[in-house]
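Now for the letters of each chain:
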4 protein chains.
Amino acid sequence: MGKVKVGVVGATGYTGVELLRLLVAHPGVAVEMVTSETYSGRDIASVFPSLQGLISLRCAKLDTKEVASACDQVFVALPHTEAAKVVSDLVQEGKRVVDFSADFRLNDTAVYEEWYSVRHPAPELLGRAAYGLPELNREEIKKADIVANPGCYPTSAILALAPLIEKGPVDVEDIIIDSKSGVSGAGRKVALPQHFTECNESVKAYSVAEHRHTPEIEQELSRLAGKQLRVVFTPHLIPITRGILSTIYLSLTEDRTTGEMVDLYHEFYENEPFVRVREEGELPATAESRASNYCDIGLKVDHRTGKLIVVSAIDNLGKGASWQALQNMNIICGFDETEGLRAAPLFP
Amino acid sequence: MGKVKVGVVGATGYTGVELLRLLVAHPGVAVEMVTSETYSGRDIASVFPSLQGLISLRCAKLDTKEVASACDQVFVALPHTEAAKVVSDLVQEGKRVVDFSADFRLNDTAVYEEWYSVRHPAPELLGRAAYGLPELNREEIKKADIVANPGCYPTSAILALAPLIEKGPVDVEDIIIDSKSGVSGAGRKVALPQHFTECNESVKAYSVAEHRHTPEIEQELSRLAGKQLRVVFTPHLIPITRGILSTIYLSLTEDRTTGEMVDLYHEFYENEPFVRVREEGELPATAESRASNYCDIGLKVDHRTGKLIVVSAIDNLGKGASWQALQNMNIICGFDETEGLRAAPLFP
Amino acid sequence: MGKVKVGVVGATGYTGVELLRLLVAHPGVAVEMVTSETYSGRDIASVFPSLQGLISLRCAKLDTKEVASACDQVFVALPHTEAAKVVSDLVQEGKRVVDFSADFRLNDTAVYEEWYSVRHPAPELLGRAAYGLPELNREEIKKADIVANPGCYPTSAILALAPLIEKGPVDVEDIIIDSKSGVSGAGRKVALPQHFTECNESVKAYSVAEHRHTPEIEQELSRLAGKQLRVVFTPHLIPITRGILSTIYLSLTEDRTTGEMVDLYHEFYENEPFVRVREEGELPATAESRASNYCDIGLKVDHRTGKLIVVSAIDNLGKGASWQALQNMNIICGFDETEGLRAAPLFP
Amino acid sequence: MGKVKVGVVGATGYTGVELLRLLVAHPGVAVEMVTSETYSGRDIASVFPSLQGLISLRCAKLDTKEVASACDQVFVALPHTEAAKVVSDLVQEGKRVVDFSADFRLNDTAVYEEWYSVRHPAPELLGRAAYGLPELNREEIKKADIVANPGCYPTSAILALAPLIEKGPVDVEDIIIDSKSGVSGAGRKVALPQHFTECNESVKAYSVAEHRHTPEIEQELSRLAGKQLRVVFTPHLIPITRGILSTIYLSLTEDRTTGEMVDLYHEFYENEPFVRVREEGELPATAESRASNYCDIGLKVDHRTGKLIVVSAIDNLGKGASWQALQNMNIICGFDETEGLRAAPLFP
């Protein structure tokens, strides 16, 4: 079979460059088109010199007709609401799309409108979209026209919690998620909080009790639980480039050892190539999944307080964005799901 | 009055150099002796070139008799158990001591022995020691022969929780403390986890459910509560030099707005020069208290889940160690409590 | 005598906040006015929470008449050309000014216009301005109406080279200056090269052979040499917040040992409180002068090649900007030159 | 053909883990044995959790006979002198070896003994060793039994200078190399200078005029020049994990534009897959070659001073160590030279 023709709309952010890095090494695809408003007319390898010698393609201004005619498969990496319009056009042209925005992640438009303070731009398409977390949703992804690539925080939180929601002896009504993220998660658009001198050598919480990834986490956990769940979610900004660590606190409803909890997770993720459950006594550090599609999970029971602490680590640009997007592409295009994603994490 | 003659036992760690930095600028003291086993015979300013031109003093091998004869006031910055022996000798000689170790922080030897897995080296002295958190314990510190300078994590956690334990409409039986610390907190002794290449660009949790600062936090909160409390405490290592951010989760037992909770804190710390409560809508970043004696506290009610989130920030070598030690010295020596501690934090 | 009334024009950049940090601790001054276009109307301590509890002053929009009527002494921290206009007005009102911009550093308007590509905004004032490097220019500073506070790179380079230009057995016609700077040197205005994710974990050279600090270095060295000198100057951006290290290469014209060169420097800077010459075998690291007014200098002769290597380290916001500005203020206001500047550097 | 059986002696340093990361993805090899004294008996994936799920192999204590019987091709990553003994045994067994140490890099034992202060452990083998810089030495590498993998600094310096030595209008008698290295270059053995708190937020020069990579640079440049050359080489430590930037200064002997110099480099490296010469106006940052085998080179003529400035960037664990080692293995094993090395650099 010939190579799948791929386009990347909004290619000059960090998710874009990471995706291109993977696509140029993927044996089954050819990158046919990259678009950028800021850098239109410039070669993508002059925008990202890291790509010199690996790809030579001029950034085009976005024209969905042209994208549709040049490509079979399109990744859309645009801000929410802008994304939906482009996705809508592309789906109309019969294309399959992996969308990095939040537009098709929430299946309840009321929830979307509450958290994003804007009318949903394409409610009629929600039925054709799947939430792109393959470990929990593989079959729906296969059939979807639109794969809503999950947010970085939700990926780390949902994978860490899924086994408990389904099988765990925990109080699912009281979940606390304390997440720490590297700065690349905020994107490439310059702003004072991401200015080096402001965020270097500092830690802070932000958007406490208000972060837009909250409803996304709740939706997927609620689906697993079969009832509406709420979570406390606190993101923090830490001065690293890549990585999210989520430390999650739950109350055990029955006595369990750490070993038993580890076993439960091992079993749950037994056949998943990209979830690594750590042995008892080991907890993940973000550096161990850097530049990879892995989600690493560790567990610890605090017998003194009856709490279970779950720690998950991902690369926010890896499993939290571009690598997972490629995993979704592999699924919908019929490639081996691990194609182009088997590299060992970069340590150190 | 003449200057108070000061000695620093174990001066060549990070708490030592930070303390010396403050002492050389303090108008009421003269540093008479510094000791170090590793660097004995070397000038302290060749060990720490930052101090060149500011102090010239040869590191002595520790001889408690000599320390006692040269100094009125001694800081002891040694590992636990070693510290107790030296403190014991110094107290016997009639000296007042600020001790950086854990040896005199826990007033129940059984708890000490459980968490430190060693027999308490000087139980007979516990009655003469005070826990050196001036905001909660000023009067006892004044009268004590030994001030047990608090741990860095406990300082950040206890100050953040004290107003709630005394007055807050929260469930004090269910407290979750998620702390993020810079690497200097681990000290100057080289070890793989603090090797630059290992911890740079990474985050991890460590000593989960087992960290030795847990009983210290519990002791002080229990004292305030008038009953035995337990907390979940999870420390994390993040790649910054200085700073601890503690994010604390509690369930409100009555409805409160963020503004009401901020008011409660303002009132509680009204007369405290080194606790800064942030206005509603603001949360502290560690960079804002770097190189200072401040503890900054911010609050947020999550109405969706009924949780209160408290965030506190300190410099682990500042309010979390050497600056607080100097505050304690000011108290026991009769100086203005803020003497030598009024500098604005270093930002950026 | 009453306190000197001080104003800071353009107070909300990094040099502004660092200067305010020093001014609030200086016993001889009172900060009467701070201006900011971006943050006018806001309390300076809400712009920089590090200052909370230490200063409470609303940022004013700039009105030079008001500044002149409220203040005796003014610091101007504005972009070049804007600065000159404000300085001009203030001088007209009889104020003494320390100016952070480049406008009054170059005494040859042709050189200014060549490097800054703009007409000099106030050539008539150049005769009333002094280049504010006290170690080389103290007497002129005392008499000047305008002190042109030196650039950060020039401070590190000129102090490292001055003893050689005056007395050194080196070829002054062939000087190579390779400088490495922290990111705060680029200021607080957001831009892609200073975005955390772009500059973290990376090093690069920039403005090679074109940096505007070049003529400033050449002017001062030429003045010392009594003839026109040219230098090669290459700045680099490294991912630290504060600090400049300049590594300088010269050819020895006569045989000398490292010890002899160290002696020459010791002698040259014998009475200077803020230059620390390291002993043979020691070279400075930037962390050792962080948050201070020190310039640390180390030397090494490479006998194999006949080269002398000089290494100097400063804090770009310290001796490279705000601390030196305060030193200049001390001089022109008649304070002890070290007043408010005696703190030990912050290590770690 | 079957897979080449590969062994890694000394696998638990940073060059080891990076090499394993590449080897597990290389289609032509199978890793049969890894040795480690420190971690013998432990699974390599428990030493480096980043490798979990990708390789499962117990670290063996080194036994050269066993290595020789299990492997066709061996990488030796041991300290100098230890390395030579092991290499010697392996060569005797007919194995081909890529050696990471300095033992076979210098072909003059007198030079080795002068800089390493130790007798050369295997002078008789020098004739069978080639200096493993493929761009300059490909044919010799093909025929060698031992490939001496170059030092990280020499790789960056020699590739940046080679075109000039062969063809450049520069004074090759006066070369200044100012290099800035990430901390991983110092290896995984803990030591105070690489302790996070010591080197974070600081820059310093070290081993000035004494670094052991100097004779290696001089040897290769002298070979190209056909006469003995000396260089000034100054390494600096900067707080990043990976990357070396070398800024090199030379005097032009004839007038040249930057464009002409760029052309000369383009021509020289025309057929080299791993050297990327930047267009005029662009200079490399280390982040652009992170986690790759690229050496990026940029140039700038300073017409005011007649100097040429060459800037080269590599990943010290990439082209500076493990990736180049794999390139050498590809050459001696007859693989496509770029096999397993085509990944795009990791940015950000």
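Criteria and cut-off values
Residues numbered from 1 in each chain as written. Chains lettered and ligands numbered in written order. Predicted model: local features only at pLDDT ≥ 70, side-chain atom pairs only at ≥ 80, totals over all residues. Heavy atoms only, no water. Helix = DSSP H or I, 4+ residues; strand = E, 2+ residues; numbered from the N terminus. Rg over C-alpha atoms; globule rule 2.2 N^0.38 Å. Buried < 20%, exposed > 50% of the residue type's maximum accessible area, 1.4 Å probe, protein only. Areas by Shrake-Rupley, 256 points an atom, 1.4 Å probe, with all protein chains shown as cover. Lys, Arg positive; Asp, Glu negative; His and termini not counted. Charge placed at Lys NZ, Arg CZ, Asp CG, Glu CD. Least-squares fit on C-alpha atoms with pLDDT ≥ 70 in both. Contact = heavy atoms within 4.5 Å. Arc of directions from axis to C-beta. Domains from an automatic or database assignment. Buried area = accessible area lost by both parts, 1.4 Å probe. Salt bridge = Lys/Arg side-chain N within 4 Å of Asp/Glu carboxyl O. Polar contact = N/O pair within 3.5 Å; in protein donor to acceptor, adjacent residues only side chain to side chain. Pairing = 2+ DSSP bridges. Axes fitted to C-alpha atoms, helices over the stretch in contact; angles between N-to-C directions. Parallel < 35°, antiparallel > 145°, perpendicular 65-115°, else oblique. Left-handed = near helix turned anticlockwise from the far one by under 90°. Nonpolar A, V, L, I, M, F, W, Y, C, P; charged D, E, K, R; others polar. Disulfide = S-S within 2.5 Å. Expected span 1.5 Å × (residues − 1).

Peer 1: Whenever I open this one, the overall build of chain A confuses me. Can you help?
Peer 2: A tally of regular secondary structure across chain A gives 11 helices and 13 strands. Over its C-alpha atoms chain A spans a radius of gyration of 20 Å, differing by no more than 12% from the 20 Å that the globule rule assigns to 348 residues. Dimensions of chain A, computed from C-alpha atoms along their principal axes, come out at roughly 60 × 45 × 40 Å. The buried share of chain A, reckoned over its 348 residues, is 68%. If you sum the accessible surface of chain A, you get close to 11100 Å²; carbon and sulfur atoms cover 45% of it. Computed over 35 positive and 48 negative side-chain charges, the inter-centroid distance for chain A is 5 Å.

Peer 1: How should I be thinking about the relation of the copies chain A and chain B in this particular structure?
Peer 2: Note on the chain copies: they are related by a rotation about an axis and a translation along it. Here chain A sits on chain B after a turn of 180° about the axis and a move of 0.0 Å along it, with an RMSD of 0.0 Å. These values place the two chain copies in the arrangement generated by a two-fold rotation axis. A shared binding surface is used by both copies, with 100% of the interface residues of chain A retained as interface residues in chain B.

Peer 1: Please explain helix α6 (residues 134-143) of chain A as it appears in this structure.
Peer 2: Two residues of an α-helix separated by three or four positions point the same way, owing to the 3.6 residues in each turn. Residue and element names in this part refer to chain A. Those residues of α6 lying buried are Pro 134, Glu 135, Asn 137 and Ile 141. On an axial view of α6, the arc spanned by its buried residues comes to 115°, and they lie on one face. Check the buried side of α6 and you find it contacts β5 (129-131), β6 (146-148), α7 (152-167), α9 (214-225), β11 (275-277) and α11 (318-333).

Peer 1: Would you explain the domain arrangement of chain A in this entry?
Peer 2: Put simply, an interface is often sized by how much accessible area is lost when its parts join up. All names here are of chain A. Assigned domains of chain A: these are domain 1 (4-150 + 319-333) and domain 2 (153-316). Computed from C-alpha coordinates alone, the two centres of domain 1 and domain 2 are separated by 25 Å. Domain 1 puts 30 residues into the contact, and the matching count from domain 2 is 33 residues. Roughly 2600 Å² of surface becomes buried between domain 1 and domain 2 when both sides are summed, with 55% attributable to carbon and sulfur atoms. When the buried area of domain 1 at its contact with domain 2 is split by residue, Trp 115, Leu 136 and Lys 319 rank highest and sum to 27% of it. When the shortest N-O distance is used, the salt bridge between Glu 216 and Arg 105 registers 3.0 Å. Summed over the shared surface of domain 1 and domain 2, the number is 16 residue pairs in polar contact (both at pLDDT 80 or more). Looking at the side of domain 1 that touches domain 2, the elements that each hand over two or more residues are α1 (14-23), α5 (109-116), α6 and α11.

Peer 1: Where do I start with the sheet that holds strand β13 (residues 307-314) of chain A in this structure?
Peer 2: Strand pairing within a sheet occurs via backbone hydrogen bonds; the two strands may be parallel or antiparallel. Residue and element names in this part refer to chain A. Taking strand neighbours across the sheet as the criterion, the seven strands line up as β8-β9-β7-β10-β13-β12-β11 in an open arrangement whose pairing is mixed. Two strands close off the open sheet at either side, each with one partner strand: β8 (204-205) and β11. Pairing of β11 with strand β12 (residues 295-302), which is carried by three bridges, proceeds in the parallel orientation. Bridge pairing links Arg 276 to Asp 296 in β12.

Peer 1: What should I look at first to understand the pairing of strand β3 (residues 73-76) of chain A in this one?
Peer 2: A regular strand places its side chains on the two faces of the sheet in alternate fashion. Residues and elements named next belong to chain A. Side chains Gln 73 and Phe 75 of β3 all project onto a buried face; the interleaved residues Val 74 and Val 76 project onto the opposite face, where all are buried too. As paired elements, strand β1 (residues 4-9) and β3 share four bridges and run parallel to each other. Directly across from Val 8, in β3, lies its bridge partner Phe 75. Judged from the four bridges that link them, β3 and strand β4 (residues 96-99) form a sheet pairing that is parallel. By the bridge assignment, Phe 75 is partnered in β4 with Val 98.

Peer 1: Which parts of the structure should I look at to understand the packing of α6(A) against α11(A)?
Peer 2: For any two helices packed against each other, one specifies the inter-axial angle together with the distance between the axes. All names here are of chain A. At a minimum axis separation of 10 Å, α6 and α11 run at an interaxial angle of 40°. By the angle between their axes, α6 is oblique relative to α11. Two packed elements cross with a definite hand, and for α6 against α11 that hand is right-handed. In contact with Pro 134, Glu 135, Arg 138, Ile 141 and Lys 142 of α6, α11 contributes Lys 319, Gln 324, Gln 327, Asn 328, Ile 331 and Ile 332. Residues belonging to the contact of α6 with α11 are distributed by class as follows: four nonpolar, three polar and four charged.

Peer 1: I would appreciate a short explanation of the relation of the copies chain D and chain A in the present structure.
Peer 2: With an RMSD of 0.0 Å, the operation that places chain D on chain A is a rotation of 180° combined with a shift of 0.0 Å along the axis. Counting the interface residues of chain D, we find that 100% of their copies in chain A are interface residues as well, pointing to one common contact surface.

Peer 1: Quick question: what am I supposed to make of the interface of chain D and chain A here?
Peer 2: Contacts between the two partners involve 27 residues from chain D and, on the opposite side, 27 residues from chain A. For the pair chain D and chain A, the two sides together bury roughly 2600 Å², of which 60% comes from carbon and sulfur. Together, D:Leu346, D:Phe347 and D:Pro348 form the three largest contributors to the area buried by chain D at its contact with chain A, with a combined 23%. Counting every contact that joins chain D to chain A gives zero salt bridges. In this structure, the connection of chain D to chain A is made through 14 residue pairs in polar contact (both at pLDDT 80 or more). A per-element tally of the side of chain D that touches chain A places helix α1 (residues 14-23) of chain D first, with four residues.

Peer 1: Whenever I open this one, the pattern of salt bridges confuses me. Can you help?
Peer 2: Residues and elements named next belong to chain B. Scanning all chains against the criterion turns up 107 salt bridges over all chains. Put simply, Lys 319 and Glu 135 hold a salt bridge, and the shortest N to O gap is 2.8 Å. With Lys 319 in helix α11 (residues 318-333) and Glu 135 in helix α6 (residues 134-143), this residue pair connects regions lying 184 residues apart in the sequence. The same class applies to Lys 319 as to Glu 135, namely buried. Salt-bridge contacts for Arg 276 lead to Asp 296; the nearest nitrogen and oxygen are separated by 2.8 Å. Placement of the pair is Arg 276 in strand β11 (residues 275-277) and Asp 296 in strand β12 (residues 295-302), with a sequence separation of 20 residues. Assigned by exposure class, Arg 276 and Asp 296 land together as buried.

Peer 1: Even after reading the chapter, I still don't get the state of the cysteines, so can you show me in this structure?
Peer 2: Any covalent bond linking the sulfur atoms of two cysteines counts as a disulfide. Under the definition given, this model contains zero disulfides over all chains. Cysteine A:Cys295 remains unbridged, with the sulfur of A:Cys152 as its closest cysteine sulfur at 12 Å. No disulfide involves B:Cys71; its nearest neighbouring cysteine sulfur is the one of B:Cys333, lying 12 Å away.

Peer 1: Quick question: what am I supposed to make of α9(A) here?
Peer 2: All names here are of chain A. Spanning 12 residues, α9 covers 16 Å between terminal C-alpha atoms, matching the ideal 16 Å at 1.5 Å per step. Burial runs high along α9: nine of the 12 residues are buried. Where α9 is buried, its residues touch α5, β5, α7, β7 (175-181) and β9 (231-237). Two residues or fewer past α9, Gly 226 is found with a positive phi of approximately 75°.

Peer 1: Just checking my understanding: could you explain the interface of chain A and chain B for this structure?
Peer 2: On the side of chain B, 47 residues touch chain A, which itself brings 47 residues to the contact. In total, about 4000 Å² of surface goes out of reach between chain A and chain B, with carbon and sulfur atoms giving 60% of it. The largest share of the area that chain A buries against chain B comes from A:Glu201, A:Val203 and A:Arg304, three residues that together contribute 18% of it. Remark: the boundary between chain A and chain B carries eight salt bridges. At the junction of chain A and chain B, the tally comes to 24 residue pairs in polar contact (both at pLDDT 80 or more). Of all elements in the fold, only β7, α8 (196-199), β8, α9, β9, β10 (244-251), β12 and β13 of chain A reach the threshold of two or more residues within the side of chain A that touches chain B. Among the residues forming the side of chain A that touches chain B, the class breakdown is 23 nonpolar, nine polar and 15 charged.

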